[in-house]
Amino acid sequence: MGQNQQIQTPDEELELRSIYDLYKFFITECPSGSLYLHEFKRMFGVQNGTPEAQYMDNIFRAFDMNHDNTMDFLEYVAALNLVLRGKPENKLKWSFKVFDGDDNGYLDRRELQKIVMIIYRIKKGSMSNEAGIENLTPGQVCARIFEEVDVNNDGELTVLEFLEGAQRSPWLQSFLHFEVNPSGWVKKYLCDRRRSMTETQLMIRLQAGRY
Ligand SMILES: [Ca+2]
Ligand SMILES: [Ca+2]
Ligand SMILES: [Ca+2]
């Protein structure tokens, strides 16, 4: 007997539910339909001047696909869908986009070193053994990534080199898994929001036109 019905794991259900919630939150936080960087940071409770804020700068730029310095609803949902539900390859493409500070399609040492340093600051004191990077400086992490991934040795990584390198290198996989976890931020944000506002309160505010 064939099973035509797709079975969802509890995690997948949670993710679908999260995306639905994010639709609602976007509408309430951002009724104009466009979100600026400072609003994006405020939404996730990130303070200016912190390493998290620097990371958010890169994330925001990756979301803003048409480069108009605002994030619209479709960009927001497309990116979150990728972050929360994307295949591993798409998640890697996303990481590449976040790392590629000037968005020119190439990741150079300066860009990589900058993002690795930000990640180190965010994770300060909690570098674990799982990624095997606990004894490496950001410079050493950066050098090792280039050593493993930059196959044509031209000092820049293309998306293809990055994807193939991550497939070949368990070390890089564990590093990326360890540090690139925006879905964790999203889930934390949703939890905080659920705590601070019940669905009923949300509906009342919406109906009252307070957003
Ligand atoms: Ca945009
Ligand atoms: Ca670049
Ligand atoms: Ca290269």
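Residues numbered from 1 in each chain as written. Chains lettered and ligands numbered in written order. Predicted model: local features only at pLDDT ≥ 70, side-chain atom pairs only at ≥ 80, totals over all residues. Heavy atoms only, no water.

1. With respect to the overall build of the chain
Summing up its helical and strand segments, the chain has 11 helices and 4 strands in all. The burial tally for the chain puts 40% of its 211 residues in the buried class. Within the chain, counting contacts between residues at least 6 apart in sequence, those at least 24 apart form 63% of the total. When the accessible surface of the chain is totalled, it reaches about 12,100 Å², and 51% of it is carbon and sulfur. (Helix = DSSP H or I, 4+ residues; strand = E, 2+ residues; numbered from the N terminus. Buried < 20%, exposed > 50% of the residue type's maximum accessible area, 1.4 Å probe, protein only. Contact = heavy atoms within 4.5 Å. Areas by Shrake-Rupley, 256 points an atom, 1.4 Å probe, with all protein chains shown as cover.)

2. Notes on the coordination of the calcium ion (ligand 3)
For the calcium ion (ligand 3), the protein coordination sphere consists of D150 (OD), N152 (OD1), D154 (OD), E156 (O), E161 (OE) and E161 (OE), at 2.3 to 2.5 Å. Each of the 6 donor atoms bound to the calcium ion (ligand 3) contributes to angles spanning 53 to 154 degrees, and the resulting shape is irregular. We note that the donor set of the calcium ion (ligand 3) lies within a single chain, spaced as D-x1-N-x1-D-x1-E-x4-E. Using a relative accessible area of 48% as the deciding quantity, one classes N152 as partly exposed. (Donors = N, O, S within 2.8 Å, 3.2 Å for Na, K, Ca; no water. Tetrahedral: all angles 85-135°; square planar, octahedral: opposite > 155°, others 65-115°.)

3. Re the pattern of salt bridges
Tallying each qualifying case throughout the model produces 5 salt bridges. Residue R144 is joined to E148 by a salt bridge in which the shortest nitrogen-to-oxygen separation is 2.8 Å. Placement of the pair is R144 and E148 together in helix α7 (residues 138-149), with a separation of 4 residues, close to one helical turn. For R144, a relative accessible area of 30% translates into the label partly exposed. (Salt bridge = Lys/Arg side-chain N within 4 Å of Asp/Glu carboxyl O.)

4. Here's the deal with the nonpolar core
F40, F63, Y76, L112 and I145 are the most contacted members of the largest nonpolar core, which has 45 residues in total. For this core, the element with the most residues is helix α3 (residues 51-63), which contributes 7 residues. Mapped onto the domain boundaries, this core takes at least three residues apiece from domain 1 (16-86 + 183-211) and domain 2 (102-180). If we skip the residues at most four places from it in the chain, F40 touches L35, M56, I59, F60, F63 and M71. (Core = buried A, V, L, I, M, F, W, Y, C linked by side-chain atoms within 4.5 Å. Domains from an automatic or database assignment.)

5. Things to note about the side chain of R61
By the element assignment, R61 lies in helix α3. Within the buried set, R61 has no salt-bridge partner at all; the shortest N-O distance to an opposite charge, 4.2 Å, is to D103. A distance of 3.3 Å separates a polar atom in the side chain of R61 from the backbone oxygen of D100. Setting aside residues no more than four positions away along its own chain, R61 makes contact with K97, V98, D100, G101 and D103. (Lys, Arg positive; Asp, Glu negative; His and termini not counted. Polar contact = N/O pair within 3.5 Å; in protein donor to acceptor, adjacent residues only side chain to side chain.)

6. A word on the coordination of the calcium ion (ligand 2)
Every protein donor of the calcium ion (ligand 2) is accounted for by D100 (OD), D102 (OD), N104 (OD1), Y106 (O), E111 (OE) and E111 (OE), and the metal-donor separations fall at 2.2 to 2.5 Å. Geometry at the calcium ion (ligand 2) is irregular, judged from the 6 donor atoms that bind it and their angles of 53 to 157 degrees at the metal.

7. Observations concerning the confidence of the model for the chain
For the chain, the average pLDDT comes to 76, and 68% of its residues sit at 70 or higher. Averaged pLDDT values for the elements of the chain fall to 51 in helix α11 (residues 199-207) and rise to 98 in strand β4 (residues 156-157). Note on residues 1-10: pLDDT is under 50 here. Beyond four places in sequence and across chains, it has 3 contacts. (pLDDT = per-residue confidence, 0-100.)

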